[in-house]
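So you can see what is in the structure, the chains are spelled out below.
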Amino acid sequence: MSKITIATQINYAIIEKLLADLDNENSNLDLEIPIKFEFRGFGIMSNICLIIFKWMRMKKGKLIINVKIEDDKKIEEFGSSYFAFLTLSTLWTVTDIVDINGVNLKPKLRIYTKLIHDKIDFFQGLPNDEILIANFDHFSKEKGLSHWLYSDYENFAPSPSELQHTVYRAFEVLSKIYRTRFEAVSGKIIDDFEKLLWELLGNTDQHAIRDYLDKKMLSPNTRAVYFRILRSNQKNYIEYNSDDIPLSEYFKQVTEPEGDHFFFEVSVFDSGPGLARRFLGEGWQKSITTIDEINTIKKCFAKGSSSVNNWMGTNKGYGLNDVMKILTEINGFLRIRSNFSCTYRNLVSNPYTETTNFEEIELFDWNKDSSSEFSKMPFVEGTLLTMAFPLPSINF
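Residues numbered from 1 in each chain as written. Predicted model: local features only at pLDDT ≥ 70, side-chain atom pairs only at ≥ 80, totals over all residues. Heavy atoms only, no water.

## Observations regarding the confidence of the model for the chain
Overall, the predicted model of the chain reaches an average pLDDT of 90, with 92% of residues at or above 70. A low-confidence stretch, residues 307–318 (pLDDT under 50), is modelled with 23 contacts involving residues beyond four sequence positions or located in other chains. (pLDDT = per-residue confidence, 0-100. Contact = heavy atoms within 4.5 Å.)

In structure tokens, the structure reads:
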């Protein structure tokens, strides 16, 4: 059986190559993953999940963890990570999970998925600089939906204020090391963060649970938000993202040569149909031109657009429009990976102005750095929106 391997050292270019390799494999295909990753770039962990989602939808082969069954220490190191929790919870019911010799690892890994689930449930024992909140639609609602987003394990928060406690507790966890800084600045951004989270996760609740025809529940299906604090100096921010010009230019723009700078990185992602495919529904074709897909994504951002015919309430179609407005207010950066496209917008150099005309919205191609020429990327399942915005500086 053929095998595709995700290496320990990873970046955007490697991820895209692996996604392309999946397209080139016609036989049954195992997927091998390492026990940990080495990366310092922006949004990498969430992008790795796109490989998992695509391979999952292909329904091919076994998941191989690069470890031996007798190495309990390495199994613990893997099982205790957010990436393992996401991967195992997504794939648990649909594939074999084995060590490098083909031995079943599920009995040894089961304890860790429950452990991470409980830690997230109570926001206790988590890393100081990152938080993951995930929903797994293929499990029962009590097990699969997070109470941080679904207080009754049934309905997504009806308004941003319903997420106030979630955001407050998340900030509390993330501020353990930098408490003085967070106490000084949290009031300036907490309302924006609350609304940003509500808009984007509400979008996954409306758009990413069913197939693109809105007829069939997707299973397995994962939806998540991951956020972390970035702390470094300008030189490192630019160096870590040197292969990705849009990011290095953004960090150069919003940092100073001296001192450390703090950023929030926020990724909201799902294994659903993807922005353009969900919006177009029956009109979707794999032969879609790149410009048609980009125009469709722009329509998703234009005020008043909606891809769900039965979307109820006063907030219809305003979600992504509001995200762009908020990111403009807080000097943010947005990267969108969905279906055949990868686009971005630097809201510092290109502030967003509210519009109902999609043609007035600018998105830039990740590879070509152009708002008029776009690359056709390897197809991905789902949608990933990754954002960064600076924490305001303070004087101690």
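Next, the rest of the story.
## Focus: the packing of helix 2 (residues 44–58) against helix 4 (residues 82–91)
How two helices pack is summed up by the angle between their axes together with the distance between the axes. Interaxial distance between helix 2 and helix 4 falls to 11 Å at its minimum, and their mutual angle equals 20°. It follows from the interaxial angle that helix 2 and helix 4 lie roughly parallel. Relative to helix 4, the crossing made by helix 2 is right-handed. Between helix 2, through Met45, Ile48, Cys49, Ile52, Phe53, Trp55 and Met56, and helix 4, the contact on the second element is made entirely by Tyr82, Phe83, Leu86, Thr87, Thr90 and Leu91. Taken together, the residues of the contact of helix 2 with helix 4 break down into eleven nonpolar, two polar and no charged. (Axes fitted to C-alpha atoms, helices over the stretch in contact; angles between N-to-C directions. Helix = DSSP H or I, 4+ residues; strand = E, 2+ residues; numbered from the N terminus. Parallel < 35°, antiparallel > 145°, perpendicular 65-115°, else oblique. Left-handed = near helix turned anticlockwise from the far one by under 90°. Nonpolar A, V, L, I, M, F, W, Y, C, P; charged D, E, K, R; others polar.)

## Comments concerning the pattern of salt bridges
What the rule picks out here adds up to 20 salt bridges. A salt bridge links Lys54 to Asp23, with the nearest nitrogen and oxygen atoms 2.8 Å apart. Of this pair, Lys54 sits in helix 2 while Asp23 sits in helix 1 (residues 12–23); the two residues are 31 residues apart in sequence, bridging distant segments of the chain. Arg228 is paired through a salt bridge with Glu265; the nearest N and O atoms lie 2.9 Å apart. Taken together, the positions of Arg228 in strand 6 (residues 222–233) and Glu265 in strand 7 (residues 260–270) put the pair 37 residues apart, joining distant regions of the chain. Residue Arg228 shares its accessibility class with Glu265, and that shared class is buried. Salt bridges sharing partners connect three or more residues here, namely Lys195, Asp322, Lys325 and Glu354. (Salt bridge = Lys/Arg side-chain N within 4 Å of Asp/Glu carboxyl O. Buried < 20%, exposed > 50% of the residue type's maximum accessible area, 1.4 Å probe, protein only.)

## Topic: the side chain of Asn346
Note that Asn346 resides in strand 9 (residues 341–346). At 2.9 Å, the side chain of Asn346 and the backbone nitrogen of Val348 are in polar contact. Within the local environment of Asn346, its side chain forms a polar contact with the backbone nitrogen of Ser349, the two atoms lying 3.3 Å apart. Apart from residues lying up to four places away in sequence, Asn346 is in contact with Tyr250, Gln253, Gly332 and Phe333. (Polar contact = N/O pair within 3.5 Å; in protein donor to acceptor, adjacent residues only side chain to side chain.)

## Description of helix 1
For helix 1, with twelve residues, the first-to-last C-alpha span of 17 Å sits near the 16 Å given by 1.5 Å per residue. Residues of helix 1 that are buried: Tyr12, Ile15, Glu16, Leu18, Leu19 and Leu22. Taken end-on, helix 1 shows its buried residues confined to a sector of 160°, consistent with a single buried face. Exposed residues lying more than 90 degrees from the buried face of helix 1 are Ala13 and Lys17. If you follow the buried residues of helix 1, they end up packed against strand 1 (2–5), strand 2 (29–33), helix 2, helix 10 (245–254), strand 8 (333–339) and strand 11 (380–390). (Expected span 1.5 Å × (residues − 1). Arc of directions from axis to C-beta.)

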